[in-house]
Amino acid sequence: MHPLRKIYCRTFQKVFRIAIPLLPYRKPKIAGSVSELPDIIRKHKCTRVLIITDQGITKLGLSKRLEKTLNREEIPYTLYDRTVANPTTANVAEALELYIQDGCDAIIGFGGGSSMDCAKAVGARAVKPRQSLAQMKGILKIHKKLPLLMAVPTTAGTGSETTLASVITDAQTRHKYAINDFPLIPRYAVLDPKVTLSLPPFITATTGMDALTHAVEAYIGNSTTIDTRKDALKAVKLIFENLNDAYARGEDVTARRNMLHASFYAGCAFTKSYVGYVHAVAHSLGGEYNVPHGYANAVLLPMVLREYGPCIYKKLAKLAAAAGTAGKDTPEDEAAESFIRAIEEMKERFGIGNTIPEIQETDIPKLAHYADKEANPLYPVPRLMNAQELERFYYMLMEKPSGDGDSRISDREVSSDE
């Protein structure tokens, strides 16, 4: 990266870091079950709820408990279940039309990050009907209080129930962009393990590694605080202690609950401290090829960590101690290597490959440009890279590994819950 651009990026990030204590960050209030939602809705004097989810959720019957609860408590609702992986501007427009048409005044995002991102965007459009989503792209462009927004994650990974971001894909151009503002943080996060019990093992794995990516990128960045470091370390510890059990025994309520809390802590960490190049590259892949976000993060995480090199060894050593892959007295380089290797072994255990064959070489300059534009200057990464340097990751993802440890995305058991 050009030295002047480096100075600009680091100055921007330093100003943002100084401003963190002055900004209106807040954590959502936690509810432990969907059965608590009727009281919350009545408390806020809302009369009709729009539930935003996807067809995978409704086919699995995961929303039935919520629907039965609302019916039993005589709370009217409208269900929108056409959200797709990497939700589009078309999804938001359709859901917003239902919201207005049926006279809704509260929103429940029920599902993975896609459903919650769509719910946030609908809330933003509801209070700013004259402004397009494209005009809200970037930072602090909403300003208005959203309708009552409740998030019920059915996966333990995205952390969207805690964040101020909504990531949307333009239905025409397939360009993926983020809308970031404090009103987008849901008022309530419902961490109900029962809605995650039937989640397939592979989705459990990739969304769990999505949460791990959030925690790791937040921790190794340059804009951490005491609170975000604590939250990231809690998340990493919980993930290493519980993800294998949730993957192998989906009915393990304790493991499922702990993974939901890990995702929540990781979300709180990266909401303040931001993420890094893993996310920037993953978002470009999601927008161009519809690659599920959790899967892309899982594939990329160890590659990007290795590329950062020694500048993150000290922080990786602390993450390794939290994860139990190294002791507190282990030399930093050894501890860092143990942590990265543990992530690679986790990928192997879960059947997550090392390539994304959908990538077309001719697309790489455009994809790297999108990643560069998203990450720089906003993301306080440990080592700055420009678009040309970021191209390396796309070429790495195209390489075929020896053996049969990889397959196309379409062969994987993935859904919009990522």
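A.B. asks: So what about the overall build of the chain? Which residues, and what values?
C.D. replies: Scanning the chain from terminus to terminus reveals 16 helices and nine strands. Whereas a compact globule of 418 residues would reach a radius of gyration of roughly 22 Å, the chain reaches 20 Å, a difference of no more than 12%. Long-range contacts, defined as pairs at least 24 residues apart, comprise 80% of the intrachain contacts of the chain with a sequence gap of at least 6.

A.B. asks: I'd love a proper account of helix H4 (residues 64-72), names of residues and values included.
C.D. replies: Residue pairs three or four apart in sequence face the same way in an α-helix, which turns once every 3.6 residues. Among the residues making up H4, those that are buried are Leu66, Glu67, Thr69 and Leu70. Along the long axis of H4, the arc covered by the buried residues comes to 160 degrees, so they all point the same way. More than 90 degrees from the buried face of H4, the exposed residues found are Lys68 and Arg72. Tucked inside the fold, the buried residues of H4 contact helix H2 (37-43), strand S2 (49-52), strand S3 (77-80) and strand S4 (106-111). A positive phi of about 60 degrees marks Glu74, the residue just after H4.

A.B. asks: Describe helix H8 (residues 201-220), with residues and values.
C.D. replies: Its 20 residues give H8 an end-to-end C-alpha distance of 28 Å, which sits within 8% of 28 Å, the value for a rise of 1.5 Å per residue. Burial runs high along H8: 19 of the 20 residues are buried.

A.B. asks: Can you tell me about the pattern of salt bridges, naming the residues and giving the values?
C.D. replies: One pass over the full model with this rule turns up 17 salt bridges. Notably, a salt bridge pairs Lys27 with Asp231, separated by 3.3 Å at the nearest N-O pair. In this pair, Lys27 is assigned in the loop between helix H1 (3-19) and strand S1 (29-31) and Asp231 in helix H9 (residues 226-248), connecting sequence segments 204 residues apart. A relative accessible area of 49% means that Lys27 is categorised as partly exposed. Exposure remark for Asp231: the relative accessible area of 5% places this residue in the buried category. Notably, a salt bridge pairs Glu344 with Arg306, separated by 2.9 Å at the nearest N-O pair. Placement of the pair is Glu344 in helix H14 (residues 332-350) and Arg306 in helix H12 (residues 293-308), with a sequence separation of 38 residues. Overlapping salt bridges, with partners in common, bring together Arg306, Glu337, Arg341, Glu344, Glu345 and Glu348 in one network.

A.B. asks: Go over the packing of H9 against H14, please, and point to the residues and values.
C.D. replies: In a packed pair of helices, the relevant descriptors are the angle between the two axes and the axis-to-axis distance. Where H9 contacts H14, the axes come no closer than 12 Å and their chain directions differ by 20 degrees. By the criterion of interaxial angle, the relationship of H9 to H14 is roughly parallel. Our pair here, H9 against H14, has a crossing hand that is left-handed. Residue-level contacts link Val236, Phe240, Leu243, Asn244 and Tyr247 of H9 to Phe339, Ala342, Met346, Arg349 and Phe350 of H14. Residues that form the contact of H9 with H14 fall into these classes: eight nonpolar, one polar and one charged.

A.B. asks: Account for the confidence of the model for the chain, naming residues and giving values.
C.D. replies: Per-residue confidence for the chain averages 93 on the pLDDT scale, and 95% of its residues sit at or above 70. Here residues 401-417 scores under 50 on pLDDT; set against residues more than four positions off or in separate chains, the count is 51 contacts.

A.B. asks: Quick rundown of the sheet that holds strand S8 (residues 176-180)? Include the residues and the values.
C.D. replies: Read from one edge of the open sheet, three strands run S5-S8-S7, paired in mixed fashion. The sheet is open, and its two borders are formed by strand S5 (138-139) and strand S7 (165-169), each paired with just one other strand. Summarising the sheet, S7 and S8 pair through five bridges and their orientation is antiparallel. Its bridge partner lying in S8, Val167 is registered against Ala178.

A.B. asks: Can you explain the pairing of strand S6 (residues 148-153)? Please cite residues and give values.
C.D. replies: Counting buried positions along S6 yields six of six residues, so the element is predominantly enclosed. Burial along S6 is two-sided: the face carrying Leu148, Met150 and Val152 and the face carrying Leu149, Ala151 and Pro153 are both buried. Here S4 pairs with S6 via six bridges, running parallel. Counterpart to Ala106 in the pairing with S6 is Leu148. In terms of strand pairing, S6 meets strand S9 (residues 188-190) through two bridges, oriented parallel. Residue pairing in the sheet places Met150 in a bridge with Tyr188 of S9.

A.B. asks: Before we move on, could you go through the sheet that holds S6 and cite the residues and values that matter?
C.D. replies: Taken in spatial order, the six strands make up an open sheet running S1-S9-S6-S4-S2-S3, and their pairing is parallel. Edge strands, defined here as strands with exactly one partner in the open sheet, are S1 and S3. Neighbouring strand axes in the sheet, compared pairwise and without regard to direction, differ in orientation by 20 degrees on average. Together, S2, S3 and S4 form the strand contacts of H4, whose direction differs from that of S3 by roughly 165 degrees.

A.B. asks: Before we move on, can you summarise the side chain of Thr196 with the specific residues and values?
C.D. replies: Relative to the elements of secondary structure, Thr196 occurs in the loop between S9 and H8. Excluding anything up to four places from it in sequence, Thr196 contacts Pro153, Thr154, Thr155, Arg256 and Leu260.

A.B. asks: Please provide a residue-by-residue account of unusual backbone geometry, values included.
C.D. replies: Here the amide bond leading from Asn376 into Pro377 is cis, since omega sits at 15 degrees, within 30 degrees of zero. For Glu74, which is not glycine, the phi torsion reads 60 degrees and is therefore positive. Take Glu74: it is sitting in the loop between H4 and S3. Within the chain, Leu140 stands out as a residue other than glycine whose phi angle is a positive 55 degrees. Tracing the backbone shows Leu140 in the loop between S5 and S6.

Rules and cut-offs
Residues numbered from 1 in each chain as written. Predicted model: local features only at pLDDT ≥ 70, side-chain atom pairs only at ≥ 80, totals over all residues. Heavy atoms only, no water. Helix = DSSP H or I, 4+ residues; strand = E, 2+ residues; numbered from the N terminus. Rg over C-alpha atoms; globule rule 2.2 N^0.38 Å. Contact = heavy atoms within 4.5 Å. Buried < 20%, exposed > 50% of the residue type's maximum accessible area, 1.4 Å probe, protein only. Arc of directions from axis to C-beta. Expected span 1.5 Å × (residues − 1). Salt bridge = Lys/Arg side-chain N within 4 Å of Asp/Glu carboxyl O. Axes fitted to C-alpha atoms, helices over the stretch in contact; angles between N-to-C directions. Parallel < 35°, antiparallel > 145°, perpendicular 65-115°, else oblique. Left-handed = near helix turned anticlockwise from the far one by under 90°. Nonpolar A, V, L, I, M, F, W, Y, C, P; charged D, E, K, R; others polar. pLDDT = per-residue confidence, 0-100. Pairing = 2+ DSSP bridges.

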